[in-house]
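Geometric and topological summary
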Amino acid sequence: MFAGADEYDVDVTVDERAVERLLSVRPADVDAADRLTFARNVFIPLTTACRYTCTYCTYYDVPGEASLLSPEEVREQCRVGADAGCTEALFTFGDDPDERYTAIHETLTEWGFDSVHEYLYRACEIALEEGLLPHSNPGDLTEAQFADLREVNASMGVMLETTADVDAHSGGRRKTPGQRLNTIRAAGRQGVPFTTGILVGIGEGWRDRAESLLAIRDLHERHGHVQEVIVQNVVPNERSDFPKPDRDTMRRVVAMARAALPPEVSVQVPPNLSPAAELVDCGIDDLGGVSPVTDDYINPAYEWPDLRGLEAVADAGGVPLRERLPTYARYLPDDLRPAGVGPAPSPDPADREAWIPAAVRERIAADDVHGRRLRAVARGDGPLAVRSD
Ligand code: SF4
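Residues numbered from 1 in each chain as written. Predicted model: local features only at pLDDT ≥ 70, side-chain atom pairs only at ≥ 80, totals over all residues.

Our next topic: the site of the ligand. Taken together, Cys50, Tyr52, Thr53, Cys54, Cys57, Tyr59, Tyr60, Gly94, Asp95, Gly139 and Lys175 make up the full set of residues adjacent to the ligand. Looking at side-chain class alone, the shell around the ligand contains six nonpolar, three polar and two charged residues. (Near = placed C-beta within 6 Å. Nonpolar A, V, L, I, M, F, W, Y, C, P; charged D, E, K, R; others polar.)

Moving on to the pairing of strand β5 (residues 194-200). Counting buried positions along β5 yields seven of seven residues, so the element is predominantly enclosed. Judged by which residues are buried, β5 turns out to be covered on both faces: Phe194, Thr196, Ile198 and Val200 on one side and Thr195, Gly197 and Leu199 on the other are all buried. As defined by bridge partners, strand β4 (residues 155-157) adjoins β5 across two bridges and the pair is classed as parallel. Within β5, the residue paired with methionine 156 across the bridge is phenylalanine 194. Between β4 and its parallel partner β5, the chain crosses via helix α6 (residues 177-189), and the hand of that crossover is right-handed. Where β5 and strand β6 (residues 226-233) come together, seven bridges link them in parallel fashion. Bridge pairing in β6 places glycine 197 opposite isoleucine 230. Handedness of the β-α-β unit built from β5, helix α7 (residues 206-223) and β6 comes out right-handed. (Buried ≥ 20, exposed ≤ 12 C-beta atoms within 10 Å, placed from the backbone. Helix = DSSP H or I, 4+ residues; strand = E, 2+ residues; numbered from the N terminus. Pairing = 2+ DSSP bridges. Right-handed = clockwise from strand over helix to strand, strands pointing away.)

Okay, helix α4 (residues 116-129) next. Since the α-helix advances by 3.6 residues per turn, residues separated by three or four positions end up pointing in the same direction. Here α4 spans 20 Å end to end across 14 residues, near enough to the 20 Å set by a 1.5 Å rise per residue. Positive backbone phi, at 95 degrees, marks glycine 131, one or two positions downstream of α4. (Expected span 1.5 Å × (residues − 1).)

Once that is clear, we can look at the UniProt feature "binding site: [4Fe-4S] cluster" (unreviewed entry) in the chain. Using the residue numbers shown here, the UniProt feature "binding site: [4Fe-4S] cluster" (unreviewed entry) corresponds to Cys50, Cys54 and Cys57. Within the secondary structure layout, cysteine 50 lies in the loop between β1 (36-45) and α2 (71-83). Look at cysteine 50 and you get buried, because 23 C-beta atoms sit within 10 Å. Excluding anything up to four places from it in sequence, cysteine 50 contacts Tyr60, Phe93, Gly94, Asp95 and Pro97. Mapped onto the elements, cysteine 57 comes out in the loop between β1 and α2. For cysteine 57, a count of 17 C-beta atoms within 10 Å corresponds to the partly exposed category. (UniProt positions renumbered as here; feature names shortened; annotations may be inferred. Contact = placed C-beta atoms within 7 Å.)

The terminal C-alpha atoms of α6 lie 18 Å apart, and with 13 residues this matches the ideal 18 Å at 1.5 Å per residue to within 8%. Where burial is concerned, most of α6 is hidden: 11 out of the 13 residues are buried. By the burial criterion, the buried members of α6 are Pro177, Gly178, Arg180, Leu181, Asn182, Thr183, Ile184, Arg185, Ala186, Ala187 and Gly188. On its buried face, α6 is in contact with α5 (143-149), β4, β5 and α7.

Inside soluble globular proteins, nonpolar side chains tend to come together where they are buried. Core analysis: the biggest nonpolar cluster contains 108 residues, and Leu213, Val231, Val254, Met256 and Ala257 have the highest contact counts within it. For methionine 256, the residues in contact, after removing those within four places along its chain, are Leu22, Val25, Arg209, Ala210 and Leu213. (Core = buried A, V, L, I, M, F, W, Y, C linked by C-beta atoms within 7 Å.)

Another aspect to go through is the environment of arginine 373. Along the chain, arginine 373 falls in helix α11 (residues 369-379). For arginine 373 and glutamine 190, which are 183 residues apart along the polypeptide, the C-alpha to C-alpha distance reads 28 Å.

With that out of the way, let us pick up unusual backbone geometry. Here the phi dihedral of glutamate 161 falls at roughly 70 degrees; this positive angle occurs in a residue that is not glycine. Here glutamate 161 shows up in the loop between β4 and α6. Owing to 24 C-beta atoms within 10 Å, glutamate 161 belongs among the buried residues under this scheme.

Moving on to the UniProt feature "domain: Radical SAM core" (unreviewed entry) in the chain. In the UniProt entry, the feature "domain: Radical SAM core" (unreviewed entry) is given for residues 36-272. Segment residues 36-272 splits into 37% helix and 17% strand. End C-alpha atoms: 15 Å apart.

Following both chains from N to C, one finds α2 and α4 inclined at 35 degrees, their axes separated by 9 Å at the closest point. Once α2 is placed against α4, the crossing between them reads as right-handed. Residues Pro71, Val74, Arg75 and Cys78 of α2 form the contact with α4, whose own contacting residues are Arg122, Ala123, Ile126 and Ala127. Counted by class, the contact of α2 with α4 contains six nonpolar, no polar and two charged residues. (Axes fitted to C-alpha atoms, helices over the stretch in contact; angles between N-to-C directions. Left-handed = near helix turned anticlockwise from the far one by under 90°.)

Dropping the structure here:
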């Protein structure tokens, strides 16, 4: 049980024998996937304000320097993304900006929003208007906040990173494992298709990695909402010198993730940070959100590969590449799932399509160029292109 380190008592139990079993897993013990998927997104850093100061992070800006995109800027970025064939508006910010960010709060008030989450709701509406499906990563949320924001999101996410208390999260303002687990649980209780993951190389050990993966599995087994688990390695940057974990470390931890998680939960590595081609045989089946139009603002020094680069990863593993929506196929309504993909058990027995909110269903069903693009990607017959050989 992860409890006591903070005010969040999350009754996640990790069985010691399961940890031992997972620690013995090696790449040869898992099967490779029969395909790799990715989503085409436009990355929208709504604000760089964050109440925390994780030592490996270059995303946040200190009070006085943090940015906040205006509604017009959000709309413009969404238009650029939709024109480039994206399906996903990936909204990122750090964690709820605290009272130190007076300029951010004053601007939000001027624009008529009481909180950054209220503003995020409006930004998601703008994305839907412009033909994209919002996927928001707004840090830790309560169940009430998920209940609001789920209305305008196709899926959401937060990285667990690790269940260990590591120095990288130290300081007066620090995020805690209990908080993150509480957020993942709250998403499950609200029926939100959810992305989470672990961060490798921030001071955690092998046992911590195993426990983190098993904690995610435990929460997924209760709520059925975890669609993918990212296995992300830390990279050196201007704020920290954590060494990048080596290839063999990544091969072993990816294999552990594949062994720990049920088959319906995808294992993803970010192809701009990890040696993805050398991890396909360890069980990855997804390359995440990749943008043809924006940088990875979380790791700006590491460029995303283009579609040819993704094809090269798939070729290295001898598997086909497929495009997907930000929401995985099993959460989609019956008429949008590709053949052979069954539905995830609905969080609401009275509504078979409860995973996807009405506003998102309407966006996908719209009789316009965007609706047609979203439906084609959902069903697996477009718009992935390039391949000319
Ligand atoms: S990693 Fe996330 S929570 Fe930590 S400082 Fe960066 S944006 Fe904030």
